[in-house]
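Architecture and fold: a report
Listed below are the residues making up each chain.
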Amino acid sequence: MRIHSITSDFLKMYESKKELNLPDLEAYIDAHSEVFNHYFPTHCPKTAERLHAAIEKYPVQIGDIRSISKRLPGIIAEIDELYTKTFDTDLDIQYTVLVGTYGSNAFVTREIKGDIFFAVEQLSPELDNLKVITAHEIGHVTHFSFAARQEMDWATVDWTHGLTSLYTEGVATYLSKKIVPGLNESVYFTYDDAGEPWVTCFRQRKVEVKQRFLEDVLSGWDMAKEKEWFRLSGGSYFGHNRLGYLLGTDYIECLVNRIGEEAALAFWNGNDVKKDIVTWLET
């Protein structure tokens, strides 16, 4: 496990300026191009409008940015150790902690054994919320490691399809609930304390949500649908974004009940997981 934090450089820059401006922020980004080449544009658009908006937001959140920057490395180490003990594996993950420009809150790079990035300005400062989002991201890498040990043929994975996203996000959420148990259900999906309406919407309209997702799958998947179901920028269908996470977790929990946890977590190796999800959506 290695943790690389560049938040101290941001804070030094911020505190040395009477008023942060665009050249200051661009200098911070350019000084850490090895980090921001992963962040932009896949996980946040890099536009002047976006950077100016971030500069306006930082003063309101600077206290949280400071506190999260200080405590997150310890939380990462704690959750990493829990995964190591629970699954008897050493994932040797590279973690990067940054102050971003209000894009993704956290992400795993696209490599099979991915590195994990956390953008502190998008995180809740509450301890349990930080533990859950950390467990979710490590869950992705852990899930991929199970398949790698079984010599999965990664060329068979359609990474751009919503059914793959539904399965992988469902597994990561399932694992976060296993590693950090006993919290309010909504925390596992929104990573904050404001998600109850989101979960209530899914529970009350689950049949509609499943049907709409199925319609999107059958009519052809594209990036607009990916954003609607799995990105913070979605939410036009039912008023709440990333409902694909709830669908995915519901599917994984049903799959675990049907074939057992170990088989469910490795189900995409040697099985037609996309077909299985479609069958589940139709029920």
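In short, a report on the structure. (Residues numbered from 1 in each chain as written. Predicted model: local features only at pLDDT ≥ 70, side-chain atom pairs only at ≥ 80, totals over all residues. Heavy atoms only, no water.)

1. Side note on helix 2 (residues 22–31)
Listed in full, the buried residues belonging to helix 2 are Leu-22, Asp-24, Leu-25, Tyr-28 and Ile-29. On an axial view of helix 2, the arc spanned by its buried residues comes to 165°, and they lie on one face. In helix 2, the exposed positions that point more than 90 degrees away from the buried face belong to Pro-23, Asp-30 and Ala-31. Tucked inside the fold, the buried residues of helix 2 contact helix 1 (7–16), helix 3 (33–39), helix 4 (48–87) and strand 2 (94–98). Regarding helix 2, its N-cap is Asn-21, as a side-chain oxygen of that residue lies 3.0 Å from the backbone nitrogen of Asp-24 further along. (Buried < 20%, exposed > 50% of the residue type's maximum accessible area, 1.4 Å probe, protein only. Helix = DSSP H or I, 4+ residues; strand = E, 2+ residues; numbered from the N terminus. Arc of directions from axis to C-beta. Contact = heavy atoms within 4.5 Å. Polar contact = N/O pair within 3.5 Å; in protein donor to acceptor, adjacent residues only side chain to side chain.)

2. Quick notes on a negative patch on the surface
A cluster of acidic residues, Asp-64, Glu-126, Asp-128 and Asp-193, forms a negative patch on the protein surface. Its place among the elements puts Asp-193 in the loop between helix 7 (187–190) and helix 8 (196–204). For Asp-193, a relative accessible area of 60% gives the class exposed. (Patch = residues over 30% accessible without salt bridge, like charges linked within 9 Å, V, L, I, M, F, W, Y side chains within 5 Å. Areas by Shrake-Rupley, 256 points an atom, 1.4 Å probe, with all protein chains shown as cover. Salt bridge = Lys/Arg side-chain N within 4 Å of Asp/Glu carboxyl O. Lys, Arg positive; Asp, Glu negative; His and termini not counted. Charge placed at Lys NZ, Arg CZ, Asp CG, Glu CD.)

3. Structural notes on the pattern of salt bridges
Counting across every chain of the model gives 13 salt bridges. The salt bridge partner of Arg-66 is Glu-15, with a shortest N-O separation of 3.0 Å. With Arg-66 in helix 4 and Glu-15 in helix 1, the pair connects residues that are 51 residues apart, well separated along the chain. Taking the relative accessible area as the measure of exposure, Arg-66 reaches 36% and is therefore partly exposed. According to the relative accessible area criterion, Glu-15 is partly exposed, its value standing at 49%. Look at the salt bridges and you will find they share partners, linking Lys-177, Glu-185 and Glu-253 into a network.

4. Focus: the nonpolar core
Nonpolar side chains tend to gather and get buried jointly when the protein is soluble and globular. Formed by 97 residues in total, the largest nonpolar core has its most connected members in Phe-10, Tyr-28, Tyr-58, Leu-72, Tyr-167, Phe-213 and Tyr-251. No other element matches helix 4, which puts 13 residues into this core. Ignoring any residue separated from it by four or fewer positions in sequence, one finds Leu-72 in contact with Val-97, Phe-118, Val-120, Leu-123, Leu-130 and Thr-134. (Core = buried A, V, L, I, M, F, W, Y, C linked by side-chain atoms within 4.5 Å.)

5. Considering the sheet that holds strand 3 (residues 106–108)
Taken together, four strands build an open sheet; the order of strands is 1-2-4-3 and the sheet is mixed. The open sheet has two free edges, formed respectively by strand 1 (2–5) and strand 3, since each of these has just one partner strand. Geometrically, the sheet is characterised by an average inter-axis angle of 15° between neighbouring strands, direction not taken into account. Of the pairings in the sheet, the one linking strand 1 to strand 2 comprises four bridges and is parallel in character. If you follow Ser-5 over to strand 2, its bridge partner there is Val-97. (Pairing = 2+ DSSP bridges. Axes fitted to C-alpha atoms, helices over the stretch in contact; angles between N-to-C directions.)

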